[in-house]
Amino acid sequence: MKQQDEYWMRHALSLARRAWEQGEVPVGAVLVQNDRVIGEGWNRPIGQHDPTAHAEIMALRQGGKVLENYRLLETTLYVTLEPCVMCAGAMVHSRITRLVYGAHDLKSGAAGSLLDVLGHPGMNHQVELASGVLAEECAAMLSDFFRMRREEKKALRQAQRQS
């Protein structure tokens, strides 16, 4: 399973790069059923003016259309970053079988870091969880993105002072 998880996480990383290219926080997600992609997503809340346009939600929406069902049974969702509360809730409602994520999100992660929505005993569906798959690569992409953003803001401030 580890080799398969890494394969699909690399696919999710390529989707995260699309988000970066569009000026979005680089998070990518791929929904797989029977070793076939049924949904893909990357962060797009800025470009779509939609606070729900997270990578996971986009992949789940596409998967629902492909299966013509909001129940995404026997699926695995691969995400480069631990999901937030909204995305974790959507995973429970959609009944995915398994979540595999890369980097932990200590500030807003809802799959064990800050909260544990997926493992909460009161939930009516339990999602299997694997974390830390290609974590270093996933975390590095996010760190590089935010470092670049800070440098751009600093350069802009310096240019404004000089004009």
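Conventions adopted
Residues numbered from 1 in each chain as written. Predicted model: local features only at pLDDT ≥ 70, side-chain atom pairs only at ≥ 80, totals over all residues. Heavy atoms only, no water. UniProt positions renumbered as here; feature names shortened; annotations may be inferred. Helix = DSSP H or I, 4+ residues; strand = E, 2+ residues; numbered from the N terminus. Buried < 20%, exposed > 50% of the residue type's maximum accessible area, 1.4 Å probe, protein only. Contact = heavy atoms within 4.5 Å. Polar contact = N/O pair within 3.5 Å; in protein donor to acceptor, adjacent residues only side chain to side chain. Expected span 1.5 Å × (residues − 1). Phe/Tyr/Trp six-rings, centres within 6.5 Å; stacked < 30°, edge-to-face > 60°. Lys NZ or Arg CZ within 6 Å of the ring centre and 35° of its normal. Core = buried A, V, L, I, M, F, W, Y, C linked by side-chain atoms within 4.5 Å. Pairing = 2+ DSSP bridges. Axes fitted to C-alpha atoms, helices over the stretch in contact; angles between N-to-C directions.

As recorded in an unreviewed UniProt entry, the protein chain goes by tRNA-specific adenosine deaminase and comes from Pantoea anthophila. The UniProt entry for the protein chain carries the following text under Sequence similarities (unreviewed entry): "Belongs to the cytidine and deoxycytidylate deaminase family. ADAT2 subfamily." Under the UniProt heading Subunit (unreviewed entry), the note attached to the protein chain is "Homodimer."

Trainee: Is there a simple way to think about the environment of Arg98 in this case?
Mentor: When you line up the elements, Arg98 lands in strand β4 (residues 98–103). Owing to a relative accessible area of 9%, Arg98 belongs among the buried residues under this scheme. When the C-alpha atoms of Arg98 and Met86 are compared, they prove to be 17 Å apart, with 12 residues separating the residues in sequence. For Arg98, the contacting residues outside a window of four places in its chain are Met1, Asp5, Thr75, Thr76, Leu77, Tyr78, Val127, Glu128 and Ala130. Polar side-chain contacts of Arg98 include one of 2.7 Å to the side chain of Asp5.

Trainee: Is there a simple way to explain helix α1 (residues 2–21) in this structure?
Mentor: Side chains of residues three or four places apart in an α-helix project in the same direction, reflecting 3.6 residues per turn. The first and last C-alpha atoms of α1 sit 29 Å apart over 20 residues, in line with the 28 Å expected at 1.5 Å per residue. Listed as buried for α1 are Asp5, Trp8, Met9, Ala12, Leu13, Leu15, Ala16 and Ala19. The elements touched by buried residues of α1 are β1 (28–33), β2 (36–42), β3 (76–81), β4 and α5 (135–162). Gly23 sits one or two positions beyond α1 and adopts a positive phi of about 80°.

Trainee: So what exactly am I meant to see when it comes to the packing of aromatic side chains here?
Mentor: Ring pairs (aromatic) are described by centroid distance and by the angle formed between their planes. A complete count under the given rule lists 3 aromatic pairs for this structure. Judged by centre distance (4.9 Å) and plane angle (85°), the rings of Tyr7 and Trp8 are edge-to-face. On the basis of relative accessibility, which here comes to 6%, the residue Trp8 falls in the buried class. Ring geometry for Trp20 and Phe145: centres 5.3 Å apart, planes at 80°, overall edge-to-face. A residue pair is termed long-range when its members are at least 10 positions apart, and Trp20 in helix α1 and Phe145 in helix α5 qualify at 125 residues. Judged by relative accessible area, which is 26%, Trp20 ranks as partly exposed. Taken together, the ring pairs in this structure connect Trp20, Phe145 and Phe146 into an aromatic cluster. Positioned over the ring face of Trp42 is Arg44, at 4.3 Å from the centre of the ring.

Trainee: What exactly am I supposed to notice about the environment of Gln160 here?
Mentor: Following the sequence through the fold, Gln160 ends up in helix α5. Distance in space between the C-alpha atoms of Gln160 and Pro121 is 53 Å, their sequence separation being 39 residues.

Trainee: Can you help me understand the nonpolar core in this one?
Mentor: Taken as a class, soluble globular proteins show a tendency for nonpolar side chains to be buried jointly. Judged by nonpolar contacts, the single largest core of 44 residues is most densely connected at Leu31, Leu77, Met91, Ile96, Leu99 and Leu118. When residues in this core are grouped by element, the largest group, 7 residues, is from α1. Excluding anything up to four places from it in sequence, Ile96 contacts Leu31, Leu60, Leu72, Thr75, Leu77, Met91, His125 and Val127.

Trainee: Would you mind going over the sheet that holds strand β5 (residues 128–131) with me for this structure?
Mentor: Across a sheet, paired strands are connected by hydrogen bonds in the backbone, their directions being either parallel or antiparallel. Read from one edge to the other, the open sheet built from 5 strands follows the order β2-β1-β3-β4-β5, with strand pairing classed as mixed. In this open sheet, the two strands that pair with only one neighbour each are β2 and β5. When strand polarity is set aside, the average angle formed by the axes of neighbouring strands in this sheet is 15°.

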